[in-house]
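Descriptive analysis of the structure
Given next are the chains, with one letter for each unit.
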Amino acid sequence: MDSTSVFKQNDKIVYREEDDGAFLFDPDTGDLRYMNQSGKETFSMLQGDKDIQQIVENMVRLYPEAEPPQVQSDVENFLKDLEESHFILPANNR
Amino acid sequence: MHEKNLAYPLNCLYLYLADQCNLSCGHCWISPGFSDAPEEGIPLDDLKKTIFEAKALGLQSVKLTGGEPLLYRDLDGLLAFLASEEIHVIIETNGTLLDKPIIEKLKSCIIDQISVSLDASTPELHDELRGVKGSFHRTIKGLRLLSEWGFDFQIIMTLHRKNRTEIPGLISLCKTLGASSLKINPLIPCGRGEAVFKKKRNLDPNELIELYRMVEQEWPSNEGIEIIFDLPVALRSIREITTRGVAECRIMNILGILANGDFSICGIGQTVDELRMGNIHRNAIATVWCDNPILADLRHNLPGRLKGICGRCLFRFQCLGACRANAYATNRDFFAPYFLCQAAYETGLFPNSRFS
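Residues numbered from 1 in each chain as written. Chains lettered and ligands numbered in written order. Predicted model: local features only at pLDDT ≥ 70, side-chain atom pairs only at ≥ 80, totals over all residues.

**Considerations on the overall build of chain A**
Rules: Only DSSP runs of H or I covering at least 4 residues are called helices, and only runs of E covering at least 2 are called strands; the numbering of each starts at the N terminus. With the radius of gyration taken over C-alpha atoms, the globule rule is written as 2.2 Å times the number of residues to the power 0.38. To sort residues by exposure, count the other C-beta atoms lying within 10 Å of each residue's C-beta; 20 or more gives buried, 12 or fewer gives exposed, and values between give partly exposed, all with C-beta atoms placed from the backbone.
Scanning chain A from terminus to terminus reveals three helices and five strands. Starting at the N terminus and ending at the C terminus, chain A contains elements arranged as β-β-β-β-α-α-α-β. Compactness check: chain A gives a C-alpha radius of gyration of 13 Å against a globular reference of 12 Å for 94 residues, within 12% of the reference. The principal-axis extent of the C-alpha atoms belonging to chain A is close to 35 × 35 × 20 Å. Relative to its 94 residues, chain A shows a buried fraction of 23%.

Pasting the structure below:
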């Protein structure tokens, strides 16, 4: 995973949004991830074909009080976990 | 020889050491007899042998409960054995019998958790709910001892209609006494709790959910006191799920031993005879754990055969239907929906986003 990586939601995964977060659910395995508000925002940015660097920049704008390196690390770890669990798939290949 | 079932490690034994209790709580799901005399309970020699054998199945901890576990005549011997085997210990007690000799014995053990029941912040209401006058002061005395000796402990309240306003008072008591958490358990319609439901002294799902939200907003865990409102995961907020994770029915990794030495899936065998599965005197625990047809049925069919709202819930793989013992006790069906989630669904309170 590098800053130009692009991911997309795995079509087999069920996404459910609530006021204060969201869930990802794999109906085949029962695997479940719950996301808080910032996770939900990060996940929603995958829809726009953004790469990791663009997502980080957007999140830094949304959370100006947070340290950018911390935001970068949080976003990367979050997406890495989702990729390893097959909730998201690599979409690039620019 | 039983390697095939090590896919289900037996992490914890729930030891219902005594089937008597020195309190008489109207809601108790185990329904023990009333006595304040020390009780023979689970035969210690057989119990030691069983615990030792269970280590090969993955045993790491035991929960000492009852009845009142501190009435168990061989408690000293059991604690010494658990300490020597380095088995972790969880205790659920009403706290009234805690004294210095018991505390000293506990100090020699690896204690994971001590949970003490306290239903109100005032003696009148607590004693009324617990059925014995003076029990509040005796429990407080026990809690002070735990605190003085540096134990990490939790206070558990069972939520009735009558004590629903006691939560702030109990939070204050937790702070004063040095408890690390307050666990709020809704009543379940099991054992004596069934009669409480019939008299409508429990909270309805809408009242429970409203109170849950109020507790989360008004008293977010602070000043070191964690507030755990024990609703099924499908009815909890994402904020809490992300913080505390998904609680599940632990039926795949625990086994109960009742006061007469009978095995059961947990304590439910105390009130539902057909869920007794042999006895520690006659049966090896490995045989029960690996070959018992009740456990095999549960392992093969959870969560796939869950019915009602549980079968449609997004969380069914993690939650396993909240409490399968309760489902069986109330429906004679291990796969019946959990009463609270089903009631929430039928009254339109189950979140739409949590259907799969």
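**Considering the sheet that holds strand S12 (residues 276-279) of chain B**
Two strands in a sheet stick together by hydrogen bonds in their backbones, pointing the same way (parallel) or opposite ways (antiparallel). All names here are of chain B. Quick reminder of the rule: Strands are labelled as partners when DSSP assigns at least two bridges between them. Note on geometry: axes are C-alpha line fits, over the in-contact stretch for helices, and angles between N-to-C directions span 0 to 180 degrees.
With mixed pairing, the ten strands of this open sheet are ordered in space as S9-S8-S7-S6-S5-S4-S1-S10-S11-S12. Looking along the sheet, the strands with just one partner apiece sit at the ends: strand S9 (226-229) and S12. Here the strands of the sheet are splayed against their neighbours by 20 degrees on average, with no regard to which way each runs. Here five bridges tie strand S1 (residues 12-16) to strand S4 (residues 61-65), and the two strands are oriented parallel to one another. Looking across to S4, one finds that Cys12 is bridged to Ser61.

**A short note on the sheet that holds strand S3 (residues 21-25) of chain A**
Residue and element names in this part refer to chain A. Threshold: By the convention adopted here, residues make contact when the C-beta atoms placed from their backbones lie within 7 Å.
Overall, antiparallel pairing links the three strands, which are arranged S2-S3-S4 in an open sheet. The sheet terminates laterally at strand S2 (14-18) and strand S4 (32-35), the two strands that pair on one side only. Ignoring strand direction, the axes of neighbouring strands in this sheet form an average angle of 15 degrees. Where S2 and S3 come together, five bridges link them in antiparallel fashion. Bridging from a neighbouring strand, Tyr15 pairs with Leu24 of S3. Strand contacts of helix H1 (residues 37-45): S2, S3 and S4, with the helix running at about 60 degrees to S3, the strand carrying the most contacts.

**Some remarks on helix H5 (residues 135-148) of chain B**
Every α-helix carries 3.6 residues per turn, so stepping three or four residues along brings you back to the same face. Residue and element names in this part refer to chain B. Worth spelling out the cut-off: Helices are assigned an expected span. That span is 1.5 Å times one less than the residue count. Here, the arc refers to the directions that run from the helix axis to the C-beta atoms.
Compared with an ideal rise of 1.5 Å per residue, which puts 14 residues at 20 Å, H5 spans 20 Å between its outermost C-alpha atoms and is within 8% of the ideal. Looking at H5, one finds that the buried residues are Ser135, Phe136, Thr139, Gly142, Leu143 and Leu146. Buried positions in H5, seen along its axis, are confined to an arc of 125 degrees and lie on one side of it. Buried residues belonging to H5 abut strand S6 (110-117), helix H4 (123-130), strand S7 (153-159) and helix H6 (167-177).

**Quick word on H4(B)**
Residue and element names in this part refer to chain B. What H4 keeps buried is the set His126, Asp127, Leu129 and Arg130. Summarising the axial view, the buried residues of H4 lie within an arc of 165 degrees, below the 170-degree limit, and thus occupy one face. Just beyond H4, the residue with positive phi is Gly131, at close to 80 degrees.

**A look at the nonpolar core**
The following threshold applies: Remark: nonpolar core denotes a set of buried Ala, Val, Leu, Ile, Met, Phe, Trp, Tyr and Cys residues whose joining runs through C-beta atoms within 7 Å.
Membership of the largest hydrophobic core comes to 134 residues, with the highest contact counts inside it found for B:Leu13, B:Leu15, B:Val62, B:Ile155, B:Leu182 and B:Cys341. Setting aside residues no more than four positions away along its own chain, B:Leu13 makes contact with B:Ile51, B:Ala54, B:Leu59, B:Val62, B:Leu255 and B:Ile257.

**As for the packing of H4(B) against H5(B)**
All names here are of chain B. Cut-off, in case you're wondering: Angular relationships are summarised with four words: roughly parallel below 35 degrees, roughly antiparallel beyond 145, roughly perpendicular across 65 to 115, and oblique for the angles in between. Gly is put with the polar residues, along with every residue not named as nonpolar or charged; the nonpolar set is Ala, Val, Leu, Ile, Met, Phe, Trp, Tyr, Cys and Pro, and the charged set is Asp, Glu, Lys and Arg.
Two elements in contact, H4 and H5, have axes separated by 8 Å at closest approach and are oriented at 100 degrees. When the interaxial angle is binned, H4 and H5 end up roughly perpendicular. Contacts between H4 and H5 involve Pro123, His126, Asp127 and Arg130 on the former and, on the latter, Ser135, Phe136 and His137. Its residues assigned to classes, the contact of H4 with H5 shows two nonpolar, three polar and two charged.

**Quick notes on the confidence of the model for chain B**
Condition: Confidence per residue, as judged by the predictor, is encoded in pLDDT with a range of 0 to 100.
Residues with a pLDDT of 70 or more make up 98% of chain B, whose mean pLDDT is 94. Two summary scores accompany this predicted model of the complex, namely pTM at 0.90 and ipTM at 0.73.

**Brief notes about the packing of helix H2 (residues 52-62) of chain A against helix H3 (residues 68-84) of chain A**
Residue and element names in this part refer to chain A. Defined as follows: When the near helix sits turned anticlockwise from the far one by under a right angle, the crossing is termed left-handed; a clockwise turn instead gives a right-handed crossing.
Put simply, H2 and H3 touch, their axes get as near as 9 Å, and they point 130 degrees apart. It follows that H2 is oblique to H3 by the angle criterion. Of the two possible hands of crossing, H2 and H3 adopt the one that is right-handed. Across the interface between the two elements, Ile52, Ile55, Val56, Met59 and Val60 from H2 touch Pro68, Val71, Gln72, Val75, Glu76 and Leu79 from H3.

**Quick word on the environment of B:Arg299**
Residue and element names in this part refer to chain B. Mapped onto the elements, Arg299 comes out in helix H11 (residues 293-301). Given 13 C-beta atoms within 10 Å, Arg299 falls into the partly exposed group. Once the C-alpha coordinates of Arg299 and Phe339 are considered, the two residues, 40 residues apart in sequence, prove to be 21 Å apart. Apart from the residues lying within four places of it in its own chain, the contact partners of Arg299 are Tyr8 and Met252.

**Considerations on the interface of chain B and chain A**
Where interface size is quoted, it is often the accessible area lost as the parts come together. Between chain B and chain A, the residue contacts involve eleven residues of the former and 13 residues of the latter. Residue assignment for the side of chain B that touches chain A shows that the elements contributing at least two residues are helix H9 (238-244) and helix H13 (316-319) of chain B. Looking at the side of chain B that touches chain A element by element, the count peaks at four residues for H9(B). Across the side of chain B that touches chain A, the residue classes break down as five nonpolar, five polar and one charged.

**Structural notes on the pairing of S9(B)**
Residues and elements named next belong to chain B. Burial along S9 is one-sided: Ile227 and Phe229 are buried, while Glu226 and Ile228, pointing the other way, are not. Where strand S8 (residues 181-186) meets S9, four bridges bridge the pair, whose relative direction is parallel. From the neighbouring strand, Lys183 faces S9, where its bridge partner is Ile228.

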